[in-house]
Amino acid sequence: MSDFFDLSEPETVSEKPQDFPFMRDLNPEQRQAVTTTEGPVLVLSGAGTGKTRVLTTRIAYLLATGQASPWQILAVTFTNKASREMKDRLEQMIGLSARSVNLGTFHAFGVRVLSRYAAEAGLKPDFIVLNTDDQERLLKKIMQENGIDIKQYSPAALLSIIERWKDRGLSPTAITKAEDSPFCDGRAKGFYQLYQDRLRTLNAVDFGDLLLLPLELFRTHPNVLSAYQNKFRYILVDEYQDTNVAQYLLLRLLAHKSQNICCVGDDDQSIYSWRGAEVENILKFQEVYPAATIIRLERNYRSTDHILGAASGLISNNAGRLGKTLKVADTRDGFGDRVHIEGYWNGSEEAKGVIEKVLREQRQGHTLSQMAILVRTSAQTRPFEEQLIKEGIPYKIIGGFKFYKREEIRDAVAYLRLVLNTGDDLAFLRIVNKPRRGIGDGAISALEQAAKEHHLSLFDAIPWAELRPSVRKTLDTFTGLITMMRDKTNTLDPEPLARQLLEDSGYLNMWRTDKSVEAEGRLENIKELYNVLGEFETINAFIEYAALVTDADEKTDGDQLVVMTLHASKGLEFDCVFLAGWEEGLFPHQKTLDESGSQGLEEERRLAYVGLTRAKEKAFISYATNRKIYGQWENALSSRFIDELPDEHVQNDTQINLGGSPFWNKNTFSRYDKSDWVTQESKPFYQPAYTAPKSKRIGKRVYHESFGYGTVIKETPNGLEVHFDDLGLKKVQSRFLAEV
DNA sequence: GGGTTGCCCGTTTTT
DNA sequence: CGGGCAACCC
């Protein structure tokens, strides 16, 4: 593709970096960030200042100048999406050799290290990665075995304590008194140890282990560390403000020899402290790497003057920033709309109003995929989804109900996991009695006993266990099927294998005969899973993927409007952004304020900043004074963040009297002292008449891949009821239908 | 061992 | 309000 790889003499190019073809479009600061290849570099990169471009160009530059071969470069990101994007962009620039660059998420890197040095890390190479569900289940069991009342102390709480320890690179033995937690009368540390022991017995790791175990491996095996130090001559880190202590330590070890580490980040976009991220990492970079070059990228290429002004004004309310001033690259002063603000009576009015605006923008030429609705909590997506269904607008909810967290998907994955590895006790327990095979607690404890005695997994312990003849018989059939499928893994592709496995095990029939409303949707989801499986060559590859994907990684297809959380929106950009639910208590979220006080407030404010800076042309902020929470009407004041936006960059579009003074530029009646709040009766003081817009879908002809042609009869929040020509009435999710 | 009932709690954000 | 789950019954 490009010929600069063929240059065998590095110095021919490195002497004249300006000639490097991708450098032309960069501004001087970006150029400096690309060409300062030696020594530690911190790039403070504000929103929309082209950091991905800098990272990819820097990699291309390192390769083009012959300073490194692709495999000598390590580039880490936080999300699969970010790494995919970087990989794509890099491939566009330099062609296929992009694939040899070690580019991926921190966690994927951890998986690779642990697979390569499994024995040294105390694992077998086919270890499994646990999901949150498995983790909580394990902890619950440990707690109950130790006589803890899990109503009093929740496994989820213990899990988060353990995760925070792991985030800080602490193994159970490393926890000092100062680090200890009072949870469960101080027994948390002991449970952590038990939990780790269980994981090792199961040959399993959790997310935290993917960082913690490599860290320990590097510390205890200097030869391994040194191999990696020699291998990775250049390290690049995206979203450095989101790194936790474990990641910081890993990077420090890896970069120790070469010192060629380039971290890109923005302290104003640090929104993951609750997950263990330490903004400190970015703040103390220079302390840790005294030779560091610090480069600031402040020219924003994304947003209009008004949007940037509003965002900058907002974030200036935070103390302790590294202080960047974003400047618009587009110097047309005052170009574009001010940030729009509109208040509504309640959540569904808000959804209706926002979607009206979406449609207006669409008529003015913006495609749905160039717009996004951003919310603070995933529960807020509901009213929007209902409205979108009513209006017949194609949409995609990211982070709503999570595909890989659904029961049927987890079951199907557990079946595959067991076929792949009969030692996977968690998978075994999940599906051994699904569908019902008459395997109950009695049989399970017999298996557990035999497993303990013979040091086998539950599955492999079946022949040794004392079982009733009927149970023995069903289990023999079950093991027969799993073993047979295992033998087929080499000859059969994942998709047909899964089809046969789920069919022959009776799993599909379980849902087919289930008469609940969701059953059909579940079967649809399994079909969707087949589609995903079709893209993998081995089950192993799929399982690894399924363990590490998140909903933020989901792709949209076609022209869809996305609805997602503010957290999930980081790194993305849209022409028009709709920021909903800007109310005290919801945003900033009360829980954050209660738990983390002013620190928490600042993080919420950064989240607002992230949201605003996603917008290229227009931003619409909205709030609802009444909202139904847990089936109860609650009222709220507009968010203090609205007040913090500079007057000259906002415009209030509120059309109704929300009970404050009728004339207000912003929300002049908002108050923050909770003691001041007027407690109202738990219902809205005004509820507008409900007028459903006539659906655009009813009566439409549609096509479904398996059911054929049909006509839409009815719409429900869960999907559509369609009368199929051949099969009659069925409930299906709209995403499986095509309009004809 | 399987099914039903009734209670409790949740909604912060995710690799 | 609704899902998950423990306790209770067949």
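Keep in mind it's a predicted model, so treat the numbers as computed, not measured.

I'm lost on the environment of Gly110 in this one. Help?
With respect to the secondary-structure elements, Gly110 resides in helix H5 (residues 106-116). Here Gly110 falls in the buried class, since its relative accessible area comes to 0%. C-alpha separation for the pair Gly110 and Phe207, spaced 97 residues apart in sequence, amounts to 9.3 Å. For Gly110, the residues in contact, after removing those within four places along its chain, are Leu210 and Pro214.

When you look at the packing of helix H23 (residues 494-504) against helix H25 (residues 518-533) in this model, what are you seeing that I'm missing?
Axis angle and axis distance: for two packed helices, these are the angle between their axes and the distance between the axes, and together they describe the pair. As a packed pair, H23 and H25 sit with axes 8 Å apart at the nearest point and diverge in direction by 150°. By the angle between their directions, the pair H23 and H25 is classed as roughly antiparallel. In terms of crossing hand, the pair formed by H23 and H25 is right-handed. Between H23, through Pro494, Glu495, Ala498, Arg499 and Leu502, and H25, the contact on the second element is made entirely by Ile526, Tyr530 and Leu533. Here the contact of H23 with H25 is composed, by residue class, of six nonpolar, no polar and two charged.

Is there a simple way to think about empty space enclosed by the protein in this case?
Empty space among the atoms can be located by rolling a probe the size of a water molecule over them. By the definition in use, this model includes one cavity of 30 Å³ or more. Roughly 40 Å³ of volume is contained in the largest cavity. Looking at the largest cavity, the residues that line it are His340, Ile341, Glu342, Val354, Lys357, Phe620, Ile621, Ser622 and Asp653. Contributing elements (two or more residues each) for the lining of the largest cavity: strand S11 (339-346), helix H16 (347-363) and strand S16 (615-629).

What exactly am I supposed to notice about the confidence of the model for chain A here?
The predicted coordinates ought not to be read in detail in places where the model reports low pLDDT. Averaged over all residues, the pLDDT of chain A is 83; the fraction at 70 or higher stands at 85%. Predicted confidence is poor over residues 660-695, with pLDDT under 50, and the contacts of this stretch with residues over four places away or in other chains come to 58 contacts.

Teacher, can you tell me more about the pattern of salt bridges here?
Once the charged atoms of two side chains with opposite charge are near each other, the side chains can pair. Overall, the coordinates contain 37 salt bridges when judged by the stated rule. For the salt bridge of Asp134 with Arg417, the shortest nitrogen-to-oxygen distance reads 3.5 Å. Residue Asp134 is found in helix H6 (residues 132-145), and its partner Arg417 is found in helix H18 (residues 407-420); the two are separated by 283 residues along the sequence. Arg417 gets classed as buried once you look at its relative accessible area, which sits at 9%. With a closest N to O distance of 2.7 Å, Arg417 and Asp424 form a salt bridge. If you follow the salt bridges from partner to partner, you end up with Glu407, Glu408, Asp411, Arg430, Lys434 and Arg522 in one network.

I keep staring at the nonpolar core and nothing clicks. Help me out?
One finds Leu416, Phe428, Leu467, Phe478 and Phe542 to be the most contacted residues of the largest nonpolar core, which totals 53 residues. With eight residues, the top contributor of residues to this core is H18. Apart from the residues lying within four places of it in its own chain, the contact partners of Phe428 are Leu418, Leu447, Leu458, Phe459, Ile462 and Phe478. Counting 47 residues, the second largest nonpolar core, distinct from the first, contains Phe78, Leu215, Leu225 and Ala547.

What counts as what
Residues numbered from 1 in each chain as written. Chains lettered and ligands numbered in written order. Predicted model: local features only at pLDDT ≥ 70, side-chain atom pairs only at ≥ 80, totals over all residues. Heavy atoms only, no water. Helix = DSSP H or I, 4+ residues; strand = E, 2+ residues; numbered from the N terminus. Buried < 20%, exposed > 50% of the residue type's maximum accessible area, 1.4 Å probe, protein only. Contact = heavy atoms within 4.5 Å. Axes fitted to C-alpha atoms, helices over the stretch in contact; angles between N-to-C directions. Parallel < 35°, antiparallel > 145°, perpendicular 65-115°, else oblique. Left-handed = near helix turned anticlockwise from the far one by under 90°. Nonpolar A, V, L, I, M, F, W, Y, C, P; charged D, E, K, R; others polar. 1 Å grid on protein atoms, 1.4 Å probe; cavity = no way out; pocket = protein on both sides within 12 Å on 5 of 7 lines; lining within 4 Å. Points joined across faces, edges and corners; volume = space filled by probe spheres on them. pLDDT = per-residue confidence, 0-100. Salt bridge = Lys/Arg side-chain N within 4 Å of Asp/Glu carboxyl O. Core = buried A, V, L, I, M, F, W, Y, C linked by side-chain atoms within 4.5 Å.

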